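Given next are the chains, with one letter for each unit.
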Amino acid sequence: MANTMTMTDNRTGKSWEFPILSGTKGPDVVDIGSFYSQTGMFTFDQGYTSTASCKSAITFIDGEKGELMHRGYDIAWLAENKKFLDVVYLLLYKKLPSKEELESFRLELKQRSYINEKMLKLFDALPDKAHPMAALQSTVAMMSAYYKRDMNIDDISDFMELAKRLVAKIPTIIAFYYRHVRGFPQIYPDLDRGFVENFLYMLRAFPHDRVDLKPIEVKAFEAVLLLHADHEQNASTSTVRAVGSTHAHPYASISAGIGALWGHAHGGANEGVIRQLEEIGTPERVDEFIARAKDKNDPFRLMGFGHRVYKNFDPRAKVLGKLRDQLIDEIGIDTNLIKVAKRIEEIALNDEYFVSRKLYPNVDFNSGLILKALGIPNEMFAAIFVMGRVPGWLSQWMEQKENAPVKITRPRQLYVGAVDQAK
Ligand code: ACO
């Protein structure tokens, strides 16, 4: 017997059958593609908490078990054994690179890491202290005008050209804007230092001066990028796919993804964690804020705790927690911020309120602390998240294209507005 689900309308007694599809892992799905044509009704799922929007072979998450995999590789294994560029390659080329493939990929990125400097005029047009995400989103949108030869998006090799261009140029745009705002002389990319180290170099260097980057600093930053590389059909990835489904080119789709990531419920959360830790100020005040987080009459929430999908632990937070402590020990910092964070963790992980609701530290709890320890200002955190997430967005965009014909994303609604006003 075929796998189907029968749905019955209790008002009329009419029944319909819908196919049940199975993936290689994770919950089965009921295919309701013909639901409207069969029943004359829509389904309603605000926030898409029960809706699979596509078939995908890129990333798998089991929130109950705290599992995250890219193309079948466990995230903790990738973080322990591979570099960010390996994972970028894995997402784009669907396999881990050999040593030679990785080196030639690094060289290809190196050749594409400079930007057309006419684009820098945009930075002058922005008011002082404009948010880095405003600069990044606009520059990426503008790239479609500068790199017109990437516009043939029907050709996979042209798409790969564009993908490499974006992965290589986004760190340069972020670092250039950071230096522009501060009036520092620009430092050009030097990918011979390694993809990740190059970014910290571009932030810190001054002409004719030495930059000493400690290996633990590069390792921790590498992990932050690697752990953000993709995360299934989250809000920004779904945005990238939705814009791509209109046949807009990838620069427009990625720029829209940057906009979606900006919000504090998504990529802006780690900025919020640091703001909250600063507001708490000292370990002695932690109890007061924990009590506020538990108080049903207070809207206060502990930032960096809880996750829509992970209800056991966030595997990314586990990796970053260890690195945070290693970084703190090795570079010898022990700020009040870190003391406050450790006290929160200590209390919340043992408190009945947090334990019974399965509220554990999420990736943002530690990524913000690591970036802060690396001397990166809070307002740059979301832009750094973009740097990590761009390979994921690109692979999801490409997968959607490969699964042609692409159906335009066009949800329906439950209309609750006025009717027949003019009668
Ligand atoms: N502090 C205090 N209580 C919390 C918190 C928190 N951080 N998170 C959830 N709760 C409580 C809720 O009050 C609710 O309690 P109740 O059952 O007594 O009413 C219960 O836990 C369930 O909360 P929901 O909001 O229903 O859980 P949901 O899965 O919808 O929300 C979210 C997940 C948005 C991440 C939430 O935990 C939160 O707001 N966390 C703080 C913000 C944050 O860290 N965001 C980053 C997410 S990670 C990322 O985007 C990369």
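Just so it is clear, the model here is predicted, and its values are computed rather than measured. (Residues numbered from 1 in each chain as written. Predicted model: local features only at pLDDT ≥ 70, side-chain atom pairs only at ≥ 80, totals over all residues. Heavy atoms only, no water.)

Enquirer: It is not clear to me how the packing of helix 10 (residues 235-244) against helix 18 (residues 381-402) should be interpreted in this structure. Could you clarify?
Expert: Packed helices, taken two at a time, are described by the angle their axes make and the gap between the axes. Viewed as axis vectors pointing N to C, helix 10 and helix 18 meet at an angle of 40°, and their least axial separation amounts to 9 Å. Comparing the axis directions of helix 10 and helix 18 gives the class oblique. At the point where helix 10 passes helix 18, the crossing takes the right-handed sense. Where helix 10 approaches helix 18, its residues Ser236, Thr237, Val240, Arg241 and Gly244 are matched on the opposing element by Arg389, Trp393, Gln396, Trp397, Glu399 and Gln400. Of the residues contributing to the contact of helix 10 with helix 18, the split by class is 3 nonpolar, 5 polar and 3 charged. (Axes fitted to C-alpha atoms, helices over the stretch in contact; angles between N-to-C directions. Helix = DSSP H or I, 4+ residues; strand = E, 2+ residues; numbered from the N terminus. Parallel < 35°, antiparallel > 145°, perpendicular 65-115°, else oblique. Left-handed = near helix turned anticlockwise from the far one by under 90°. Contact = heavy atoms within 4.5 Å. Nonpolar A, V, L, I, M, F, W, Y, C, P; charged D, E, K, R; others polar.)

Enquirer: In this structure, what is going on with the environment of Pro19? I would like to understand it.
Expert: Here Pro19 is to be found in strand 2 (residues 15-21). Here the alpha-carbon distance between Pro19 and Asn378, two residues 359 residues apart in the chain, equals 48 Å. Once you skip the residues sitting within four places of it in the chain, Pro19 turns out to touch Asn3, Thr4, Val29, Val30 and Asp31.

Enquirer: How should the pattern of salt bridges be read in this particular structure?
Expert: Pairing of side chains with opposite charge becomes possible as their charged atoms draw close. Throughout the structure, instances matching the rule amount to 28 salt bridges. Here Asp314 ties to Arg316 by a salt bridge, and the two come within 3.0 Å at their closest N and O atoms. The residues Asp314 and Arg316 share a single accessibility class, namely buried. Here Arg343 ties to Glu346 by a salt bridge, and the two come within 2.8 Å at their closest N and O atoms. Taken together, the residues Arg343 and Glu346, both in helix 15 (residues 336-348) and 3 residues apart, mark about one turn of the helix. Beyond isolated ion pairs, a larger network of salt bridges with shared partners links Glu103, Arg106, Lys110 and Asp192. (Salt bridge = Lys/Arg side-chain N within 4 Å of Asp/Glu carboxyl O. Buried < 20%, exposed > 50% of the residue type's maximum accessible area, 1.4 Å probe, protein only.)

Scope: geometric values only; no functional claims are made or implied.
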